[in-house]
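Descriptive structure summary
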Amino acid sequence: MPLVGNIRDFGLSDFLYLVDRGYKTGCLHLSRADEMASLYFEKGKLITATRKDDNVPVTDLLVRKGKLTPVQAAQAAQEHQNQNGVHLSQVLINLNLIGRDELQRILQQHIEESVYALFSWNEGEFRFEQGQRPDPTAPIMPTPLAVEHLIMEGVRRIDEWGRIKDRIPSTDMVVKFIEQPVERTKGINLAADEWRVFARINGKDTLAEIARKTGMSEFDVCRIVYGFLTAGLVDVIRKPAPVPMLATGRPLAEAPRVKKSLVTRIINRIRGM
Amino acid sequence: MQTVKMVISGAVNAGKTEFIRTISEIEVVSTERPATDDTRLIKKETTVAMDFGRIAIGDDLVLHLFGTPGQKRFDFMWEILSEGMLGLVILVDSTRPETFRETNRIIDFFMSYRETPYVVAANKQDRPNAWSPEELRLALRLPSHIKVLPCMATDRESVKNVLLELLDVIMQRSED
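Residues numbered from 1 in each chain as written. Chains lettered and ligands numbered in written order. Predicted model: local features only at pLDDT ≥ 70, side-chain atom pairs only at ≥ 80, totals over all residues.

Bringing the interface of chain B and chain A into the picture now. Of the residues lining the interface, 33 residues belong to chain B; the matching set on chain A comes to 30 residues. Elements that contribute at least two residues to the side of chain B that touches chain A include exactly β4 (51–58), β5 (61–67), α3 (100–113), α4 (133–140) and α5 (156–173) of chain B. A per-element tally of the side of chain B that touches chain A places α5(B) first, with seven residues. Here the side of chain B that touches chain A is built from residues that sort into 17 nonpolar, six polar and ten charged. (Contact = placed C-beta atoms within 7 Å. Helix = DSSP H or I, 4+ residues; strand = E, 2+ residues; numbered from the N terminus. Nonpolar A, V, L, I, M, F, W, Y, C, P; charged D, E, K, R; others polar.)

What follows is the structure in structure tokens.
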């Protein structure tokens, strides 16, 4: 069954995170008013994106950009009809009508811009159709795109507190790396300011303290950390309060410990119900 | 007579009352009233204070089940209810992604108060548009050691399974 909802409640960056971590293959359809967009993923990576007003075969796109002549486009289309199961993008490469790297650069730029524009949507219905694949003539990139990169760039374009505060309610919160952040950063290019913040993350300093130490505004630090958070690089937690100790020496904040024999009795009782 | 307590929490309409009603030995002490605010859009009646259910474990031991009110204005009740609890079930309506942020807020609240054993129950798995437990884990960004369990709060075996999984987590932290 498709996953459905509204990006007002479950944002695009949240969905991209889910697709990435869940290694999802399928299509995310987004719609609001008369606008529609479709993002296709293969094992968690973006392979193409189309918008209702710009849903054309890859050959048309390349002719429009002056990278292919109409004759070459027709030749590729003809060849594509003879090759079952091969994307038109691959046919173009096989026929040496365009180099793989150049095709990747052109399509990636085109697709990225389509996706970044979607980050400005404050609301819109989404529907994720598992397993749905794009039309073979669509502008499918030779190399699928890691979504962390898209999330970071998309978040750079957010200029409102509202969305950020959903995830970072206070600048008194502490930023810490999640496990193996280095592995996750491979697909991400950080800007200079982002590196400044990244380098200050130590699991102890609050967002306010990082802002003070870097000389940046709290908004900018929160926006950058929001990007890290959305890409799954860091976590933000409340600053732990000093924990009062009980007379037994056990911290008050710890849940009461119970005897195994008591838990076993409850388990047996519930099993028998 | 020793009593132990488990808390069932979650956003409005996650299925807390139903969950307790399905497993409790007594008629659930519920305080449902006609919904008067935004909740009215979701359900006609809602829990305004809490639900209370009970399972006798033996002559000398009773398990109490408390359901928290879902509405934000009763947040103060959460702290009271969490005092001395053995464990926590976080119920999620798997069909309503608009409640996922609120679910995270509830988890954050309970975890900031104390390190409590908990499991997440992905309720309403029988509905056609339900997000799977694994999708919920990603949506809620829960670490891999937290159990996310399929659940149908109206089904006794399903509720039993959630409680047994929670007890398994509690067992791992218990003393000899």
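The structure having been displayed, the exposition proceeds.
Now for the pairing of β4(B). Residues and elements named next belong to chain B. Bridging between β4 and β5 involves seven bridges; their strand directions are antiparallel. In the strand pairing of β5, Ala-56 is matched with Val-62. Connecting β4 to the next strand, β5, in antiparallel fashion are two residues. (Pairing = 2+ DSSP bridges.)

Our next topic: the sheet that holds β4(B). Residues and elements named next belong to chain B. In space, the six strands of this open sheet follow the order β4-β5-β1-β6-β7-β8, with mixed pairing throughout. In the strand order of this sheet, the two ends are held by β4 and β8 (148–150), each with one partner. Recorded for the sheet is a direction-independent mean angle of 25° between the axes of neighbouring strands. Note: strand β1 (residues 2–10) against β5, seven bridges, orientation parallel. From the neighbouring strand, Met-6 faces β5, where its bridge partner is Leu-65. Sheet contacts for α4: β6 (87–93), β7 (118–123) and β8; angle to β8, the most-contacted strand, approximately 145°. (Axes fitted to C-alpha atoms, helices over the stretch in contact; angles between N-to-C directions.)

Residue and element names in this part refer to chain A. By the assigned domains, chain A splits into domain 1 (3–152) and domain 2 (159–273). The C-alpha-based centres of domain 1 and domain 2 are spaced at 34 Å. At the interface, nine residues of domain 1 touch nine residues of domain 2. Breaking the side of domain 1 that touches domain 2 down by element, the ones donating at least two residues are α1 (12–21) and α6 (147–156). Counting residues per element, the side of domain 1 that touches domain 2 draws most heavily on α6, which supplies four residues. Grouping the amino acids of the side of domain 1 that touches domain 2 by side-chain chemistry returns four nonpolar, three polar and two charged. (Domains from an automatic or database assignment.)

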